[in-house]
Amino acid sequence: MGFFSRFLIPNPSPVIYSSMVAIGVTVLLIIVGLTHFKKWFFLWSGWLTTVDHKRIGIMYLISALLMLFRGGVDAVMMRAQLAVPDNKLLDSQHYNEVFSTHGVVMILFMAMPYIMALMNFVVPLQIGARDVAFPRLNAVSFWLFFMGAMLFNISFVIGGSPDAGWTSYFPLAGNEFSPHVGTNYYMIGIQIAGIGTLMTGINFLTTILKMRAPGMTLMKMPMFTWSALVTSIIIIFAFPVLTVALIMGTMDRLFATKFFTMTDGGMDMLWANLFWVWGHPEVYILILPAFGLFSEIIPTFSRRNLYGYRSMVASMVFISIYSFFVWTHHFFTMGQAAYVNSIFSITTMVIAIPTGIKIFNWLFTMWKGRIRFTVPMLYSIGFIPLFTIGGVTGVMLAMSAADYQYHNTMFLVAHFHNVIIPGVVFAVLGAGTYYWPKMFGFMLNERIGKWAFWFLTIGFCLAFFPMYITGLDGQARRMYTYSESTGFGPLNMISFIGAALMAISFVLIVYTIYYSIRHAPRDVSDDPWDARSLEWATHNPVPEYNFAIIPQVNSRETFWDAKYKGHELFKGDYEKIHMPNNSGGPFILSCIFFVFGFALVFSIWFLAIIGLIGIFVCMAHRSFEIDHGHYISVEEIIETEAKFGGVNKWK
Amino acid sequence: MEIDHSQPLEYSTEQNRLNILGFWIFLGAEIMLFATLFASYFTLVDRTGNGPAGAELFEITPVLAETFLLLTSSFVIGLGIHAMRIGNKKAMLTFFVITLLLGLGFIGFEITEFITYYREGATLQTSAFTSILFTTLGTHGAHVTLGLFWGLFIILQVKKRGLTPETANKSFIFSLYWHFLDIVWIFIFTFIYMKGMT
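Since this is a predicted model, take the numbers as computed values, not measurements. (Residues numbered from 1 in each chain as written. Chains lettered and ligands numbered in written order. Predicted model: local features only at pLDDT ≥ 70, side-chain atom pairs only at ≥ 80, totals over all residues. Heavy atoms only, no water.)

As a further point, take the overall build of chain B. Looking only at helices and strands, chain B has six helices and zero strands in total. In chain B, the succession of helices and strands from N to C terminus is α-α-α-α-α-α. Across its three principal directions, the C-alpha atoms of chain B cover 65 × 30 × 25 Å. Residue burial in chain B is summarised as follows: out of 198 residues, 52% are buried. (Helix = DSSP H or I, 4+ residues; strand = E, 2+ residues; numbered from the N terminus. Buried < 20%, exposed > 50% of the residue type's maximum accessible area, 1.4 Å probe, protein only.)

Next comes the structure, spelled out in structure tokens:
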């Protein structure tokens, strides 16, 4: 292939050309807008260089919402293609690209950053800290994720998208069967984002272990912090496996190594194994923080403390360990011995036990509680029955003998959406609403939010429950069309209607944000939900230093005790506060990573070498830099606190 | 920065203690990285295709030299940290320079070894076995190379700024990294070379 022809889209269509124009126009509008309103400096000094965990959390949130839109469009396109038999909306190549990017974008660039957004924003507040252990590294994590995601996304207009599925199994993902650069984007985009995620794991584990407020022992941590701790440990153990797998995949594609080839001793199943040794823990990296969020929301809106705290912690730790011993269940049909399948069947089914314990704990938390049906609580209540259905079908899939019937059918697709959407998506949407006033200082409109919830829930049921039936009847996943004689038509039409309702709910979610920015009152109290943990003890929105005085923790629900049981939260006087300095380093480093990644995708070696040198120069610069941070003086703290009405109001 | 004088210099501030714990956790991730490489190596070791097997490639002399150089360097950097603890900057710098020179010698031997393999017809593309062999050794070698630059930067900083809580912290963390690479090498020596030669 010629040098320039590689940059062209292999299978262009009017949709892609119009998207190119749309992207170009949007970028132009952003640049013109920033220049016109003189916001470049604001953007640089306030956001691009920030090391504040709250701002980084908000940037994660915005990226996640953008990616939710991108992945959602993919989803609607797929459902539209399958809505009627023998549809010609998408051709097979385009359909392959759409389901591949839908999977990657939703898991790695929507769900992960959404979880990271909440971890970044909430965890330091919940443990009474002023920032994470390594604020600069935190910014590096965010920007690496962001650049990895952008690199992955431009594949769609430059060179073509990955088309080997989100699992990219070899030999399909090898050069022979995927000759265009799409899969290079997959390997390198995810690699860059994955390095960022690994750094986040290290950062949060250190933060939670070392920076808790005085009195907060491990068994007095709020449940979301516990889930962030366990998740960080899983990240640290799981992500290096992905790093190695992606390096091998990249080398197979760029340097013709023989890891996963069909010749010269290569072993395609090695990829499948490595991918799922990371991939299965990855789904717990998503779901455990989601469980943690539900464990914050449900007690608040039931006005009861969390039932079974110790068993909640124990089951999370148990799940985190077991998550590394189940990966083979993703390919029961791919040639292991029967006894191997049996062992992994059993380990997989065992996971249902701790998960079941957690479900019962949430139910017992609500039992005899005074439940308020707010938007976050609706998501939590909707989660329990829907997630249980997903869990039960998961146990069905875990039976290796029966899996020969389910494997790679729509039944599987229905199952994993049935756990991820009510599990992760409901959690992040509910928690997004719950923490919105802490982030932005105003509440989201409840009425529109409830409409969005019902559209999402009903749309979800309509979209995915029919797939269980068509899957059992033999409709394979990733098939771009089917004939009328299969009889799958009507059920797929119902799925399409469900997908359309879910799309409407997304529009409603965006509308509720817009509406609330315009109309919501700005004078919400610091604790609008009458909540129980420390993040609500500070002001709304949170000042730069989080807490003027570090809180004293006496129990699992310190803030509740401070409000109703006379616990003294803030003792002592103001002292000057040490804060980290902002830095452009992380952003610049990540931009260079982007260029380096792009050069690798297209094998432009001189640019790749320049990029690599640039990365090392950034690291060397960081090594020699002297940065002691800065202090916020007592006068400044008094001034800020006075604006918020003083610190000691919870005494 | 509050400095706690009851602690060694590298542990004396809160940020220093965070850095050291964070780096231990990072080493945990590095263990997973090398564990994955080793697991893949064991999977692919007999899949040599038309290329040579380990027993045909490996020679004991250069490998012993590499082992000797790297293990000695690990001991010397330990002496360097000891010198740092008793506040002897000059001795510390000398030991660090020796460490890096030994590391450089290791890299030199490794490169000649790679060239020999290449001449004997074992390239990155020959077979699954040679791919994983070069990748595992190369990942370790790249870590050592990165360490050479990192160590050099630290020597320059200690020389210029003296032994402060920051430079002591960096030196200590670098020594952790260097010991870790040594431990990985012991596994490479045992499970790739020794096992491969028999």
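We are not done yet, so read on.
Attention now moves to the overall build of chain A. Along the backbone of chain A there are 20 helices and two strands. Principal-axis analysis of the C-alpha atoms gives chain A an extent of 70 × 60 × 50 Å. Relative to its 651 residues, chain A shows a buried fraction of 60%. Accessible surface for chain A amounts to roughly 25000 Å². Of this, 71% is attributable to carbon and sulfur atoms. (Areas by Shrake-Rupley, 256 points an atom, 1.4 Å probe, with all protein chains shown as cover.)

For the rest of this paragraph, the subject is a nonpolar patch on the surface. Residues and elements named next belong to chain A. On the surface, a nonpolar cluster with roughly 560 Å² of combined accessible area is contributed by Val84, Trp454, Ile458, Leu462, Met493, Ile494 and Ile497. For the nonpolar patch, the secondary structure elements donating two or more residues are helix 15 (446–472) and helix 16 (489–519). Locating Met493 in the fold gives a position in helix 16. (Patch = residues over 30% accessible without salt bridge, like charges linked within 9 Å, V, L, I, M, F, W, Y side chains within 5 Å. Salt bridge = Lys/Arg side-chain N within 4 Å of Asp/Glu carboxyl O.)

All names here are of chain A. Going through the model one piece at a time under the given rule, you end up with 86 aromatic pairs over all chains. On the numbers, 5.1 Å between centres and 85 degrees between planes, the contact of Phe275 with Trp276 is edge-to-face. Trp276 matches Phe275 in its accessibility class, with the two residues each being buried. Taken together, Trp44, Tyr60, Phe109, Phe142, Trp143, Phe145, Phe146, Phe152 and Phe587 form an aromatic cluster joined through their ring pairs. Stacked on the ring of Phe42, the Lys or Arg Lys39 has its end atom at 5.2 Å from the ring centre. Between Arg522 and the ring centre of Phe442, over which it is positioned, the NZ or CZ distance is 4.2 Å. (Phe/Tyr/Trp six-rings, centres within 6.5 Å; stacked < 30°, edge-to-face > 60°. Lys NZ or Arg CZ within 6 Å of the ring centre and 35° of its normal.)

For chain B, per-residue confidence averages 94 on the pLDDT scale, and 99% of positions sit at 70 or higher. Of the two predicted TM-score estimates for the complex, the pTM is 0.95 and the ipTM is 0.95. (pLDDT = per-residue confidence, 0-100.)

Once that is clear, we can look at the interface of chain A and chain B. Taken together, the contact pairs 37 residues of chain A with 37 residues of chain B. Note on chain A versus chain B: buried area summed over both sides is about 3100 Å², and carbon and sulfur give 72% of it. At the junction of chain A and chain B, the tally comes to zero salt bridges. For the interface between chain A and chain B, the tally reads 11 residue pairs in polar contact (both at pLDDT 80 or more). Per-element tally for the side of chain A that touches chain B: the top contributor is helix 7 (residues 223–254) of chain A, with eight residues. Looking at the side of chain A that touches chain B, its residues break down into 26 nonpolar, eight polar and three charged. (Contact = heavy atoms within 4.5 Å. Buried area = accessible area lost by both parts, 1.4 Å probe. Polar contact = N/O pair within 3.5 Å; in protein donor to acceptor, adjacent residues only side chain to side chain. Nonpolar A, V, L, I, M, F, W, Y, C, P; charged D, E, K, R; others polar.)

Moving on to the packing of helix 10 (residues 338–350) of chain A against helix 11 (residues 352–366) of chain A. All names here are of chain A. As a packed pair, helix 10 and helix 11 sit with axes 5 Å apart at the nearest point and diverge in direction by 10 degrees. It follows that helix 10 is roughly parallel to helix 11 by the angle criterion. Taking contact as the criterion, the partners of Thr348, Met349 and Val350 in helix 10 are, on helix 11, Ala352, Ile353 and Pro354. Residues of the contact of helix 10 with helix 11, tallied by class, amount to five nonpolar, one polar and no charged. (Axes fitted to C-alpha atoms, helices over the stretch in contact; angles between N-to-C directions. Parallel < 35°, antiparallel > 145°, perpendicular 65-115°, else oblique.)

The tally for this structure, following the rule as stated, stands at 12 salt bridges over all chains. Lys54 of chain A is the salt-bridge partner of Asp52 of chain A, the closest N and O atoms lying 3.2 Å from each other. In this structure, Arg17 of chain B engages Glu14 of chain B in a salt bridge whose closest nitrogen and oxygen atoms are separated by 3.0 Å. Pair noted here: Arg17 of chain B and Glu14 of chain B are both in helix 1 (residues 14–44), with a separation of three residues, about one helical turn.

Another aspect to go through is the nonpolar core. All names here are of chain A. If you look at the biggest cluster of nonpolar residues, it comprises 251 residues, and the most contacted ones within it are Phe109, Trp271 and Trp362. Counting residues per element, this core draws most heavily on helix 8 (residues 268–302), which supplies 20 residues. Once residues lying within four places of it in the same chain are set aside, the contact partners of Trp271 are Thr167, Ser168, Tyr169, Phe170, Tyr186, Met187, Ala245, Leu246 and Phe260. Ranked by size, the runner-up nonpolar core spans nine residues in total, among them Met77, Leu82, Val98 and Phe99. (Core = buried A, V, L, I, M, F, W, Y, C linked by side-chain atoms within 4.5 Å.)

Moving on: helix 8 of chain A. Side chains that are three or four residues apart share a direction in an α-helix, a result of its 3.6 residues per turn. Residues and elements named next belong to chain A. Here helix 8 spans 51 Å end to end across 35 residues, near enough to the 51 Å set by a 1.5 Å rise per residue. Residue Trp276 marks the point of greatest curvature in helix 8, where the axis turns by about 30 degrees. Burial runs high along helix 8: 31 of the 35 residues are buried. In the stretch just after helix 8, Arg303 is the one whose phi turns positive, near 55 degrees. (Expected span 1.5 Å × (residues − 1). Bend = angle between axes of the 7 residues up to and from the residue.)

All right, on to a negative patch on the surface then. Residues and elements named next belong to chain A. A cluster of acidic residues, Glu544, Glu635, Glu636 and Glu639, forms a negative patch on the protein surface. Within the secondary structure layout, Glu639 lies in helix 20 (residues 634–644). On the basis of relative accessible area, Glu639 is assigned to the exposed category, the value being 58%. (Lys, Arg positive; Asp, Glu negative; His and termini not counted. Charge placed at Lys NZ, Arg CZ, Asp CG, Glu CD.)

All names here are of chain A. Relative orientation of the contacting elements helix 8 and helix 14 (residues 410–440) amounts to 50 degrees, with a least axis distance of 9 Å. Classified by the angle between their axes, helix 8 and helix 14 sit oblique to one another. Between helix 8 and helix 14 the crossing geometry is left-handed. On the side of helix 8, the interface is formed by Leu286, Ile287, Ala290, Leu293, Phe294, Glu296, Ile297, Thr300 and Phe301, while helix 14 contributes Val419, Pro422, Gly423, Val424, Phe426, Ala427, Gly430, Ala431, Tyr434 and Tyr435. Residue composition of the contact of helix 8 with helix 14, grouped by class: 15 nonpolar, three polar and one charged. (Left-handed = near helix turned anticlockwise from the far one by under 90°.)

Residues and elements named next belong to chain A. Residue placement: Asp561 occurs in helix 17 (residues 558–564). A polar side-chain atom of Asp561 sits 2.6 Å from a polar atom in the side chain of Ser555. Here Asp561 is in contact with Asn554, Ser555, Gly566 and His567, once residues within four sequence places are set aside.

Next up on the list: the domain arrangement of chain A. Residue and element names in this part refer to chain A. Along its sequence, chain A is organised into domain 1 (9–38) and domain 2 (39–583 + 627–643). In this structure, domain 1 and domain 2 have C-alpha centres spaced 28 Å apart. Tallying the contact residues gives 13 residues for domain 1 and 13 residues for domain 2. At the boundary of domain 1 with domain 2, total buried surface from both sides reaches about 1100 Å², with 73% on carbon and sulfur atoms. There are zero salt bridges connecting domain 1 and domain 2. Counting every contact that joins domain 1 to domain 2 gives three residue pairs in polar contact (both at pLDDT 80 or more). The residue makeup of the side of domain 1 that touches domain 2, split by class, is eight nonpolar, four polar and one charged. (Domains from an automatic or database assignment.)

Our next topic: the state of the cysteines. All names here are of chain A. Enumeration over the complete set of coordinates arrives at zero disulfides over all chains. The thiol sulfur of Cys591 is not disulfide-bonded, and the nearest other cysteine sulfur, from Cys618, lies at 9.6 Å. With a relative accessible area of 26%, Cys591 lands in the partly exposed category. (Disulfide = S-S within 2.5 Å.)

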